Amino acid sequence: RPHSLPKHGLFLSLFTTAILALSVDPSQETHETIIDYGNHNLEWEDGPSSWEEFGHDNDPSVCGLPVLTVEEWEAGRYWEGNTPVLVKNMTDGWAALNNWKKQEMIRRYPDAEATMGEGRLLGETGPDDAGKRLSPTTVKEFITQHMYNPLKYFFDRKIAIPNGMLEDCHPFPMPTRAYLANPEAGATYALAKKRKVRKTPDREIWRDHLAISIGSDLSGLTFHHHREAWNTVLFGSKRWILWDNARFKHNVTRQRRMTRDWDTHEHLAGHEWIRRLYPEPERMEEIRAHGHDCIQHAGVMIFVPERWMHMVVNIGDTVSVISEVGLGIGEGKKPEDFLFDPDESSDDSEDWSEDNSEDWSEDDMEDDSESEDWFTYVNEE
């Protein structure tokens, strides 16, 4: 028959359990430790900064980017080219220089909605397809409760920005400003003459897209690439590592060995990549020869051409505004946007869809490695 305790053994067990239960002091119950990750400083500038470790003076041999005036940026139409550039004094005259100060932003826009997630993971999928990796938040909630959590980064390309925040960034950089001034520029009436149509599809033009990024020291997105974009810093600084698309677009092995740990294939957070992987001679030489390592200060805009690989590390509390070609103004997230689990539908051998490759990618899966002279192809299986 089934094994069972003798009756006296069962009684002893129940008696002992009862005594132990009575001996527990409710006042001695353990509670989960609650960590306060909020930013309670008066201003952004009062937060911690890793400038001593991650800052540098943009020596031409390290950065090497042209530094333009706003007038030169516009006259040269650099957004149509394939060269990254820095544009100084872009925020001159912006109301955001006052209205986006820490206390003022919380006072004016406490309920402005966005999402937050881990920068390392958002770099892999892009914020549009992060699904469960993101959670909804507001400006006030993020700043006062989550900003110093190393796994929380405030960034979303589809957030619905309040009109007041948009107006704070006038005059917008070109070419975004041109679209806002005349969204129908270049459009002509169709044959039916009932409405104007544009021959160039929306995905190929700069429209009214804007996104906001708020992050603490050492936060930022890991290596990724997408369509042309500009990024303007209002407070804080950013360290950028940029890498020419021509060097990896036909060689996924080179790309992964550059951006990930060679031994573990791990995709590191940006500051850990700089600390642990960047000093390797091959990586350092590759960026010096075919990329850029630059510091972006407050008031400066950086233009990143189409498909240039890049990684960003914030230095100090950092606030920036971003626009990307082909995207329209955000309409906000829906509850179902947070249900998707990217971990169940992707892995390192993922074949990026055509739509995804038009938008945001970590890996470029076409491989033509035999003719390459750096990081020769190896069987990664």
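Just so you know, these numbers come straight off a predicted model, no measurement behind them.

Draft legend 1. Structural context of the overall build of the protein. Broken down by element type, the protein carries 14 helices and 14 strands. Relative to its full complement of 381 residues, the protein shows a buried share of 48%. If you take every contact in the protein between residues at least 6 apart in sequence, the share linking residues at least 24 apart comes to 82%. As displayed, the protein offers around 19800 Å² of accessible surface, 50% of which is attributable to carbon and sulfur atoms.

Draft legend 2. Main features of the confidence of the model for the protein. Across the protein, the average pLDDT comes to 80, with 69% of residues at or above 70. Counted against residues more than four places away or in other chains, residues 346-358, with its pLDDT under 50, gives 19 contacts.

Draft legend 3. Examining the pattern of salt bridges more closely. On inspection of all chains with the given rule, the structure shows 11 salt bridges. Across the salt bridge formed by Glu53 and Arg275, the nearest N and O atoms sit 2.7 Å from each other. Here the residue Glu53 occupies a position in helix 2 (residues 51-54), and Arg275 occupies one in helix 11 (residues 270-277), the gap between them amounting to 222 residues. Note on Glu53: relative accessible area 41%, which makes it partly exposed. Given the relative accessible area of 35%, Arg275 is considered partly exposed. The shortest N-O distance in the salt bridge between Arg77 and Glu80 comes to 2.7 Å.

Draft legend 4. Geometry of helix 12 (residues 281-290). For helix 12, every residue scored as buried is listed here: Arg283, Glu286 and Ile287. Looking down the long axis of helix 12, one finds its buried residues gathered within 95 degrees of arc, a one-sided arrangement. Opposite its buried face, helix 12 presents the exposed residues Glu285 and Ala289, each directed more than 90 degrees away. Tucked into the core, helix 12 has its buried residues touching strand 10 (229-243), helix 10 (252-259), helix 11 and strand 11 (291-296).

Draft legend 5. Summary view of the state of the cysteines. Under the definition given, this model contains one disulfide. Between Cys63 and Cys294 runs a disulfide, and the two sulfur atoms are separated by 2.1 Å. Linking Cys63 and Cys294, the disulfide has an S-S dihedral of approximately 95 degrees and is accordingly described as right-handed. With Cys63 in the loop between helix 2 and strand 1 (67-68) and Cys294 in strand 11, this residue pair connects regions lying 231 residues apart in the sequence.

Draft legend 6. Region of interest: the packing of aromatic side chains. Going through the model one piece at a time under the given rule, you end up with six aromatic pairs. Taken together, the ring pairs in this structure connect Trp73, Trp79 and Phe303 into an aromatic cluster. The ring centre of Trp262 lies 5.5 Å from the NZ or CZ of Arg257, which sits over that ring.

Draft legend 7. Expanded view of helix 10. For helix 10, the buried fraction is high: seven of the eight residues fall into the buried class. Inspection of helix 10 places Val252, Thr253, Arg254, Gln255, Arg256, Met258 and Thr259 among the buried residues, and these make up the whole buried set. Those residues of helix 10 hidden inside the fold are in contact with strand 10, helix 11, helix 12 and strand 13 (309-324).

Draft legend 8. Fine view of the environment of Lys238. Mapped onto the elements, Lys238 comes out in strand 10. With a relative accessible area of 2%, Lys238 lands in the buried category.

Draft legend 9. Region of the structure containing the side chain of His292. The residue His292 is located in strand 11 in this model. Among residues more than four places away in sequence, those in contact with His292 are Val62, Cys63, Gly64, Leu65, Pro84, Trp240, Ile241, Leu242, Ile287 and Trp308.

Draft legend 10. How the structure looks around the pairing of strand 3 (residues 113-117). Extensive coverage of strand 3 is indicated by the burial of four of its five residues. Relative to strand 4 (residues 135-138), strand 3 runs antiparallel, the two sharing four bridges. Bridge pairing in strand 4 links Glu113 to Thr138. Pairing between strand 3 and strand 5 (residues 153-155): two bridges, direction antiparallel. Residue pairing across strands places Met116 opposite Phe154, the latter belonging to strand 5.

Analysis parameters
Residues numbered from 1 in each chain as written. Predicted model: local features only at pLDDT ≥ 70, side-chain atom pairs only at ≥ 80, totals over all residues. Heavy atoms only, no water. Helix = DSSP H or I, 4+ residues; strand = E, 2+ residues; numbered from the N terminus. Buried < 20%, exposed > 50% of the residue type's maximum accessible area, 1.4 Å probe, protein only. Contact = heavy atoms within 4.5 Å. Areas by Shrake-Rupley, 256 points an atom, 1.4 Å probe, with all protein chains shown as cover. pLDDT = per-residue confidence, 0-100. Salt bridge = Lys/Arg side-chain N within 4 Å of Asp/Glu carboxyl O. Arc of directions from axis to C-beta. Disulfide = S-S within 2.5 Å. Phe/Tyr/Trp six-rings, centres within 6.5 Å; stacked < 30°, edge-to-face > 60°. Lys NZ or Arg CZ within 6 Å of the ring centre and 35° of its normal. Pairing = 2+ DSSP bridges.

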